[in-house]
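Here are the chains, one letter per residue:
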Amino acid sequence: MTNEEKLIAELQNRFGNVKTTGNGWIRIPCPTCDEHNRKKCKRYVSTTSRYSNCFICARKMDIQDLLGGHYMPTFDPNEPKKFIEKKVDPRAFELPCHYYHQINQLSEDHPAIKFLHKDYLYDLDLYWNNYNIFYVPFDGGKVFKCTPPYTTSSERLVFPVFFGDKMVGWQMRSLPGTFYGDRADVIRYYHLFDKGSYLFNYNDAKKFDEVVVVEGVKKALKFPNGVATWGSGISNRQLQLIQEWPKITMMLDGEDHNGTQQRAKEFVEKFTLTGKLAINIDLRKYGVPSPDDLPADILQAIVKEEWHEQRGI
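On a predicted model such as this, the values are computed, not experimentally measured, just so you know. (Residues numbered from 1 in each chain as written. Predicted model: local features only at pLDDT ≥ 70, side-chain atom pairs only at ≥ 80, totals over all residues. Heavy atoms only, no water.)

Participant: Please give an account of the overall build of the protein that cites residues and values.
Facilitator: Looking only at helices and strands, one finds 10 helices and 16 strands in the protein. For the protein, the spread of C-alpha atoms along the principal axes amounts to about 70 × 45 × 35 Å. Residue burial in the protein is summarised as follows: out of 313 residues, 47% are buried. Put simply, 56% of the contacts in the protein that link residues at least 6 apart link residues at least 24 apart. The average position of the 42 basic charges and that of the 40 acidic charges among the side chains of the protein differ by 6 Å. (Helix = DSSP H or I, 4+ residues; strand = E, 2+ residues; numbered from the N terminus. Buried < 20%, exposed > 50% of the residue type's maximum accessible area, 1.4 Å probe, protein only. Contact = heavy atoms within 4.5 Å. Lys, Arg positive; Asp, Glu negative; His and termini not counted. Charge placed at Lys NZ, Arg CZ, Asp CG, Glu CD.)

In structure tokens, the structure reads:
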């Protein structure tokens, strides 16, 4: 039985209702809350330290006190967290085309430029010089899948992904107004790398003490310190990477049909438990569901305003 399994067993024996979060924390009924709030299970217990905290009564407790001194797990703070890299298609490490056009070399009426402008993205030199974003013309693409849905890199925007000193993958995006982009059987997004192991724009964002976490690549382009998780689902590995910043802003999409905003709030709670400064911004407060719908300068101003409003910073 692992240390975590032993801890869960002891907590179940003492508190009954125990919920695992899958991100190194366990939720239990809080013994220092009133009866109504106790049922909400808002006390988080760490599986890697002696720490626990409740987000309702805000009282911190050592695990030994929490368990009445009957059990105290041992933790090795120097033990590295295990990370097993998944096998990746070797084509993920190669440019997905025979040739391409730099994004800043395309005309203003090009479908790729119209696509970016629609979401208030105008700095084409930045997108090439900092992010190496490019467009694959019709005759420059490679075929990745011949059976339905037919998949080619032709007529797509390509967003390379860098980690450290190497390219670890790329994401391709089809474009409205092109032959392949207008086909109903074409996959809109395509990638071959393990996106759950990385964050888009990780290298440049690490130059800052604060990070802004968004879902999509285009959204991340609106912040010099923005990173994208490629969706509202955030892997354990991505959570580890995000916690490398001392100050974290969550700005996931506000379309909450999948519980995205609730998860974002829970992420903020977990980051706070680990000693990080963190806030969540739901852009529906500003009348839009997504960072796609506002220019970069307005979004950056909202981040400053929300930090002042929520944390007095």
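Participant: I'd like a description of the sheet that holds strand β13 (residues 210–214), backed by residues and values.
Facilitator: Spatial strand order, β14-β13-β15-β16: 4 strands in an open sheet with parallel pairing. The open sheet has two edge strands with one neighbour each: β14 (226–228) and β16 (277–280). Strand-to-strand, the axes of this sheet are offset by a mean angle of 20°, without reference to chain direction. When β13 meets β14, the two strands line up parallel, connected through 3 bridges. (Pairing = 2+ DSSP bridges. Axes fitted to C-alpha atoms, helices over the stretch in contact; angles between N-to-C directions.)

Participant: Can you break down the environment of P149 residue by residue, with the values?
Facilitator: Summarising the element assignment, P149 is placed in the loop between β8 (143–145) and β9 (151–152). As for P149 and K304, which are separated by 155 residues in sequence, their C-alpha atoms are 44 Å apart. Every residue in contact with P149, bar those within four places of it in the chain, is listed here: D185 and I187.

Participant: So what's going on with the sheet that holds strand β7 (residues 134–136)? Residues and values would help.
Facilitator: One open sheet accounts for 5 strands, arranged β6-β7-β10-β11-β12; its pairing is antiparallel. Two strands bound the open sheet, and with one partner strand each, they are β6 (101–102) and β12 (189–191).

Participant: Please set out helix α10 (residues 296–311) residue by residue, giving values where relevant.
Facilitator: End to end, α10 covers 22 Å across 16 residues, agreeing with the expected 22 Å (1.5 Å per residue, within 8%). Among the residues making up α10, those that are buried are L299, I302, V303, E306 and W307. End-on view of α10: buried residues confined to an arc of 135°, all on one side of the axis. Exposed side chains of α10 directed beyond 90 degrees from the buried face belong to D297, K304 and H308. One or two positions beyond α10, positive phi appears at G312, with a value near 70°. (Expected span 1.5 Å × (residues − 1). Arc of directions from axis to C-beta.)

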